Amino acid sequence: MGALSCRRELLDRCLIWNERHLRHALREYEQFYNEHRAHQALAQAAPLRAVPDPITDPKRIDDLNIRRRDRLGGVLHEYSHAA
């Protein structure tokens, strides 16, 4: 996990109440960073997740349904295609 990314994307945006809260926030960020967040150096993949296949079918593109999941009270956002 990148220390500057963690600071810029998480710690600069949160008010941490105590050690327990800090540990929870860091665990959530670590999971987000490794499983969801796109990384330019990995061609927009995450370290523990491959880039999904592109959607090329025009019918599927017209009906894209994107869902957003907020983490840590909305500090982090995960986006995915709804089934």
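Below you will find a few notes about this structure. (Residues numbered from 1 in each chain as written. Predicted model: local features only at pLDDT ≥ 70, side-chain atom pairs only at ≥ 80, totals over all residues. Heavy atoms only, no water.)

Here we look at the pattern of salt bridges
Then comes step 1: On inspection of all chains with the given rule, the structure shows seven salt bridges.
Then comes step 2: Across the pair Arg-23 and Glu-19 runs a salt bridge, and its minimum N-O distance is 2.7 Å. Here Glu-19 and Arg-23 lie together in helix H2 (residues 19-35), a separation of four residues that amounts to about one turn.
Then comes step 3: Arg-68 is paired through a salt bridge with Asp-70; the nearest N and O atoms lie 2.8 Å apart.
Then comes step 4: We classify Arg-68 as partly exposed; its relative accessible area is 48%. (Salt bridge = Lys/Arg side-chain N within 4 Å of Asp/Glu carboxyl O. Helix = DSSP H or I, 4+ residues; strand = E, 2+ residues; numbered from the N terminus. Buried < 20%, exposed > 50% of the residue type's maximum accessible area, 1.4 Å probe, protein only.)

With respect to the side chain of Arg-71
Then comes step 1: Along the polypeptide, Arg-71 turns up in strand S1 (residues 66-71).
Then comes step 2: Setting aside residues no more than four positions away along its own chain, Arg-71 makes contact with Glu-28, Gln-31, Phe-32, Leu-76 and Glu-78. (Contact = heavy atoms within 4.5 Å.)

Brief notes about the pairing of strand S2 (residues 76-81)
Then comes step 1: Across six bridges, S1 lies against S2 in antiparallel orientation. Residue pairing for S2: Arg-71 is matched across the bridge by Leu-76.
Then comes step 2: Linking two consecutive strands that pair antiparallel, namely S1 and S2, is a turn of four residues; a positive phi of about 55 degrees is found at Leu-72 within it. (Pairing = 2+ DSSP bridges.)

A few points about the packing of aromatic side chains
Then comes step 1: For the coordinates displayed, the defined rule picks out two aromatic pairs.
Then comes step 2: Relative to Phe-32, the ring of Tyr-29 lies with its centre 6.2 Å away and its plane at 45 degrees, an arrangement referred to as tilted. Separated by three residues within a single helix, Tyr-29 and Phe-32 lie in helix H2, roughly one turn from each other. Summarising the burial analysis for this pair, Tyr-29 and Phe-32 share the class buried.
Then comes step 3: Seen from their ring centres, Tyr-29 and Tyr-33 are 5.8 Å apart, and the 40 degrees between their planes marks the pair as tilted. Of the two residues, Tyr-29 and Tyr-33 are both situated in helix H2; the distance of four residues between them amounts to about one turn of the helix. (Phe/Tyr/Trp six-rings, centres within 6.5 Å; stacked < 30°, edge-to-face > 60°.)

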